[in-house]
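# A look at the structure
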Amino acid sequence: MTLTFSNPPGVHAPGARYAHSAVVEGPGRRLVISGQIGVAPDGTVAAGGADQIAQAFRNLRAILEAHGMAPEHIVKLGVFLTDRALIPAFRAQRDAVMGPICPCSTLLIVAGLADPRFVFEVEAEAFA
């Protein structure tokens, strides 16, 4: 499988760390990951926004690993925040998990998530 991220010249360059497109070529497996929130395996909800973001990314990694994948297999992230002030915490955690990988990404500021305690959710698609 060959995975190529690009920002074609006919499209405005992204202002943040993400790619406009990803091309997956060759045989492979596609993994679609439902939105992950800041809930630990024991069911506890992380108290603060930064802690919820960190837990959601731990959940994301656990799902990837359960399928024999890693962050470098992610081609698309969908991010939902209930507070714009959490963007720096999200970006710091994303960068820590993704390293130099810059997959396609969508970030939305939303009025709320499924439970009012939740302030962050991340979904992903991965290919291997």
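Look up: the structure comes first, before these words.
In short, a report on the structure. (Residues numbered from 1 in each chain as written. Predicted model: local features only at pLDDT ≥ 70, side-chain atom pairs only at ≥ 80, totals over all residues. Heavy atoms only, no water.)

Evaluated as defined, the whole model comprises three aromatic pairs. Plain terms: the ring middles of Phe-57 and Phe-90 are 6.3 Å apart, the flat faces sit at 20 degrees to each other, and that makes the pair stacked. With Phe-57 in helix H1 (residues 49-66) and Phe-90 in helix H2 (residues 87-98), the pair connects residues that are 33 residues apart, well separated along the chain. In this structure, Phe-57 and Phe-90 share a single accessibility class: buried. Taking 6.0 Å as the distance between ring centres and 35 degrees as the angle between the ring planes, the aromatic pair formed by Phe-90 and Phe-120 counts as tilted. Within this pair, whereas Phe-90 is found in helix H2, its partner Phe-120 is found in strand E6 (residues 120-127), the two being separated by 30 residues in sequence. In this structure Phe-90 comes out as buried when scored by relative accessible area, which is 2%. One aromatic cluster is present, formed by Phe-57, Phe-90 and Phe-120 through successive ring pairs. (Phe/Tyr/Trp six-rings, centres within 6.5 Å; stacked < 30°, edge-to-face > 60°. Helix = DSSP H or I, 4+ residues; strand = E, 2+ residues; numbered from the N terminus. Buried < 20%, exposed > 50% of the residue type's maximum accessible area, 1.4 Å probe, protein only.)

Counting residues in hydrophobic clusters, the biggest one holds 22 residues, and the most contacted among them are Phe-57, Leu-60, Leu-64, Ile-74, Leu-81 and Phe-120. Contributions of two or more residues to this core are made by strand E3 (30-36), H1, strand E4 (74-81), H2 and E6. Broken down by element, the residue count for this core peaks at five residues, all from H1. Contacts of Phe-120, omitting those with residues within four sequence positions, involve Gln-36, Ile-37, Gly-38, Gln-52, Ile-53, Ala-56, Phe-57, Val-79, Phe-80, Leu-81, Phe-90 and Leu-113. (Core = buried A, V, L, I, M, F, W, Y, C linked by side-chain atoms within 4.5 Å. Contact = heavy atoms within 4.5 Å.)

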